[in-house]
Amino acid sequence: MRSSSRFTVAIHVLTLLARGVGDDSPTTSEFIAGSVNTNPVVIRRLLALLRKAKLVASQGGPDGGWHLVVTAGRITLRDVYRAVEAQDAPRRARRRREAAAHLLERGRPARGSAR
């Protein structure tokens, strides 16, 4: 999933978990994926990032699924961004530096540099 859509989908996922499916049972990744119109594996990877941030938890078994660990009103957009985007920021910055260095080696100015 592109990083630009990861944050948006995470907000969608957390909203579904906060609203629930009508009862107190956990929400399955298949149900969430249907709502987002994507593959359940993509949703599971995103939920793993949210679990690492201690925003959601999973329950195994035939009646298993995902639920919020934190009250919905206490989750901030900053929390969600840090959970799903922040880990990629150093990698993206490194790729930009490497690309700029490659262009400079070839005698071409890097984008945004003075000519």
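For the structure itself, consult the block above.
Calculation criteria
- Residues numbered from 1 in each chain as written.
- Predicted model: local features only at pLDDT ≥ 70, side-chain atom pairs only at ≥ 80, totals over all residues.
- Heavy atoms only, no water.
- Phe/Tyr/Trp six-rings, centres within 6.5 Å; stacked < 30°, edge-to-face > 60°.
- Helix = DSSP H or I, 4+ residues; strand = E, 2+ residues; numbered from the N terminus.
- Buried < 20%, exposed > 50% of the residue type's maximum accessible area, 1.4 Å probe, protein only.
- Salt bridge = Lys/Arg side-chain N within 4 Å of Asp/Glu carboxyl O.
- Pairing = 2+ DSSP bridges.
- Arc of directions from axis to C-beta.
- Contact = heavy atoms within 4.5 Å.

Enquirer: Quick one: what's the story with the packing of aromatic side chains, residue by residue and with numbers?
Expert: Applying the stated criterion across every chain, the model contains one aromatic pair. Plain terms: the ring middles of Phe7 and Tyr81 are 6.0 Å apart, the flat faces sit at 65° to each other, and that makes the pair edge-to-face. Highlighted residues: Phe7 in helix 1 (residues 3–19) and Tyr81 in helix 4 (residues 77–84), separated in sequence by 74 residues. Classification of Tyr81 as partly exposed rests on a relative accessible area of 40%.

Enquirer: Outline the pattern of salt bridges, listing residues and values.
Expert: Inspection of every chain in the model, using the stated rule, returns one salt bridge. The partner of Arg44 in a salt bridge is Glu30, and the shortest N-O contact between them spans 2.8 Å. Of this pair, Arg44 sits in helix 3 (residues 40–52) while Glu30 sits in helix 2 (residues 29–36), and the two are 14 residues apart along the sequence. On the basis of relative accessibility, which here comes to 36%, the residue Arg44 falls in the partly exposed class.

Enquirer: Could you give an account of the pairing of strand 2 (residues 65–68), with specific residues and numbers?
Expert: Relative to strand 2, strand 1 (residues 56–59) is paired through four bridges, and the arrangement is antiparallel. Its bridge partner lying in strand 2, Gln59 is registered against Gly65. What sits between strand 1 and strand 2 in their antiparallel hairpin is a turn of five residues, with Gly61 showing a positive phi close to 100°.

Enquirer: Please give an account of helix 2 that cites residues and values.
Expert: Residues of helix 2 that are buried include every one of Ser29, Ile32 and Ala33, and no others. Take helix 2 and look down its axis: the buried residues cluster within an arc of 100°, on one side only. The positive-phi residue at the C-terminal boundary of helix 2 is Asn37, with phi of around 65°.

Enquirer: Break down the environment of Leu47 for me, citing the residues and quoting the values.
Expert: Turning to its location among the elements, Leu47 is positioned in helix 3. For the pair Leu47 and Leu14, spaced 33 residues apart in sequence, the C-alpha separation works out to 9.2 Å. The contact partners of Leu47, leaving out residues within four places of it in the chain, are Val13, Leu17, Ser29, Ile32, Val56 and Trp66.

Enquirer: Go over unusual backbone geometry with me, naming the residues and quoting the values.
Expert: Of note, the phi angle at Asn37 is positive, near 65°, even though the residue is not glycine. Here Asn37 shows up in the loop between helix 2 and helix 3.

These figures come from the coordinates and say nothing about function on their own.
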